[in-house]
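Structural overview
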Amino acid sequence: MSPGLRALAVDDSPLALERLSRLLRENPRIAEVSAADDASEALKLVMGVPLDVAFIDIQMPGLSGLDLGRVLARLAAPPLIVFVTGYEEHAADAYDLGAVDYIRKPVSADRLATAVNRVLKMLPSAERAPKPAPDAFAALPVEARGRTRYVKRREVLFVEACRDTVKLHTSSGIHTVRMPLSQLAESWEEAGFVRTHRSYLAAVAAITELRSDPVGGLVAHTELGDVPVSRRHARAVRDRLFEAARTDEPEH
């Protein structure tokens, strides 16, 4: 028997999202179910976790389901899309985007099973085998004034935690993303970032020097300003800077 599908459910209604997620989990052809209550959260999940299919509500605030579908279609390895909606007028647009199916609400287990079977026919068994994880969070979606843009990891000099969001400090400005710093630190460690403080993450290449601040603490200097370095993280920061310097040395 082939492995089950990895699915994503997207709906801004908590009740509808709970129902869709539950029906997906109850389907024997579904192995894993992730859930998102808006398009931005869905994009983060798609970028961080390999997925086979996304079941997307169309009517959502901010980015609509159709907008999300257009963004996903531009990815190198997009999940298949099944739109879920209470309206019929978007069917033509949905199929123009290459949607596998278009389900009317309220969703029933039988109708969902039909959609899942259609998805399975579109995916060869090799594509349902475990895939290597993509480069998680190589770019992060940032919403501003009803638009979504992507901030690439290589643009970020340092990251500052602020409650349940992080601020990405780049040469083009400061961009806010709703996610925990710990998750970003874990994903970006192998891509040249180091935790300098419980509230800060910095690109090793952006640190030009370490120096004392006026009160005797340690800071990492970047062209966008100083980043605090706590005693707990000072050794790791120094080690990463030393390692980077050795790597950049010319061979003799």
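A brief structural summary. All figures in this text were calculated on a predicted structure; none of them were measured in a lab.

1. Quick notes on the overall build of the chain
A count of helical and extended segments in the chain gives 7 helices and 15 strands. Here the chain, with 252 residues, has 44% of them falling under the buried criterion. Carbon and sulfur atoms make up 50% of the accessible area of the chain, which amounts to about 14,000 Å² in all.

2. Observations regarding helix H1 (residues 14-26)
Given a rise of 1.5 Å per residue, 13 residues ought to cover 18 Å, and the 18 Å separating the end C-alpha atoms of H1 matches this to within 8%. Within H1, burial applies to Leu-17, Leu-20, Ser-21, Leu-23 and Leu-24. Buried residues along H1 cover an arc of 165 degrees about the axis, so they all sit on one side. Within H1, the exposed residues directed more than 90 degrees away from the buried face are Pro-14, Leu-15, Arg-25 and Glu-26. In this fold, the buried residues of H1 make contact with strand S1 (5-10), strand S2 (30-36), strand S3 (53-57), strand S4 (80-85) and helix H5 (109-122).

3. Details of the nonpolar core
One finds Leu-140, Val-159, Val-166, Leu-168, Leu-184, Trp-188 and Leu-201 to be the most contacted residues of the largest nonpolar core, which totals 32 residues. Not counting residues within four places of it along the chain, the set of residues in contact with Leu-140 comprises Met-47, Arg-149, Tyr-150, Val-151, Leu-168, Val-177, Met-179, Leu-184 and Trp-188. Leu-17, Val-33, Val-82 and Val-100 belong to the second-largest nonpolar core, a separate cluster that totals 23 residues.

4. Here's the deal with the sheet that holds strand S13 (residues 209-212)
Within the open sheet, the 3 strands sit side by side as S13-S14-S15. Their pairing is antiparallel. Edge positions in the sheet fall to S13 and strand S15 (225-229), since each of these pairs with one other strand and no more. Averaged over all neighbouring strand pairs, the angle between strand axes comes to 35 degrees, with direction disregarded.

5. What about the packing of helix H2 (residues 39-48) against helix H3 (residues 65-73)?
Running from N to C, H2 and H3 cross one another at 25 degrees; their axes reach a closest spacing of 10 Å. Between H2 and H3, the angle is such that the two are roughly parallel. H2 and H3 meet at a crossing whose hand is right-handed. Touching Ala-39, Ala-42, Leu-43 and Val-46 of H2 are Leu-68, Val-71 and Leu-72, all from H3. Considering only residue class, the contact of H2 with H3 consists of 7 nonpolar, no polar and no charged.

6. Describing the packing of aromatic side chains
Per the stated rule, a full pass over the model turns up 2 aromatic pairs. With a centroid separation of 4.7 Å and 45 degrees between ring planes, the pair formed by Trp-188 and Phe-193 is classed as tilted. Just as Trp-188 is buried, Phe-193 falls in that class too.

7. Side note on unusual backbone geometry
Omega for the peptide link from Lys-105 to Pro-106 comes to -5 degrees, which places this bond in the cis form. By secondary structure assignment, the location of Pro-106 is in the loop between strand S5 (101-104) and H5.

8. So, the sheet that holds strand S10 (residues 173-177)
With antiparallel pairing, the 5 strands of this open sheet are ordered in space as S10-S9-S8-S12-S11. With partners counted over all chains shown, the strands left at the sheet margins are S10 and strand S11 (193-197), one partner each. Taken over all neighbouring pairs, the strand axes of this sheet differ in orientation by 25 degrees on average, direction set aside. As paired strands, S11 and strand S12 (residues 200-203) are joined by 4 bridges and run antiparallel to one another. Considered in S12, the bridge of Arg-195 is made with Leu-201.

9. Observations concerning the pattern of salt bridges
By the definition in use, this model includes 11 salt bridges. Measuring nitrogen to oxygen at the nearest pair gives 2.8 Å for the salt bridge that ties Glu-209 to Arg-211. You can call Glu-209 partly exposed: its relative accessible area is 36%. The salt bridge partner of Asp-226 is Arg-211, with a shortest N-O separation of 3.4 Å.

10. Concerning the environment of Pro-79
Relative to the helices and strands, Pro-79 resides in the loop between H3 and S4. Its relative accessible area of 6% is what places Pro-79 among the buried residues. Put simply, Pro-79 and Asp-52 are 27 residues apart on the chain and 4.8 Å apart in space, counted from C-alpha to C-alpha. Once residues lying within four places of it in the same chain are set aside, the contact partners of Pro-79 are Val-46, Leu-51, Asp-52, Val-53, Ala-54 and Leu-72.

Rules used throughout
- Residues numbered from 1 in each chain as written.
- Predicted model: local features only at pLDDT ≥ 70, side-chain atom pairs only at ≥ 80, totals over all residues.
- Heavy atoms only, no water.
- Helix = DSSP H or I, 4+ residues; strand = E, 2+ residues; numbered from the N terminus.
- Buried < 20%, exposed > 50% of the residue type's maximum accessible area, 1.4 Å probe, protein only.
- Areas by Shrake-Rupley, 256 points an atom, 1.4 Å probe, with all protein chains shown as cover.
- Expected span 1.5 Å × (residues − 1).
- Arc of directions from axis to C-beta.
- Contact = heavy atoms within 4.5 Å.
- Core = buried A, V, L, I, M, F, W, Y, C linked by side-chain atoms within 4.5 Å.
- Pairing = 2+ DSSP bridges.
- Axes fitted to C-alpha atoms, helices over the stretch in contact; angles between N-to-C directions.
- Parallel < 35°, antiparallel > 145°, perpendicular 65-115°, else oblique.
- Left-handed = near helix turned anticlockwise from the far one by under 90°.
- Nonpolar A, V, L, I, M, F, W, Y, C, P; charged D, E, K, R; others polar.
- Phe/Tyr/Trp six-rings, centres within 6.5 Å; stacked < 30°, edge-to-face > 60°.
- Salt bridge = Lys/Arg side-chain N within 4 Å of Asp/Glu carboxyl O.

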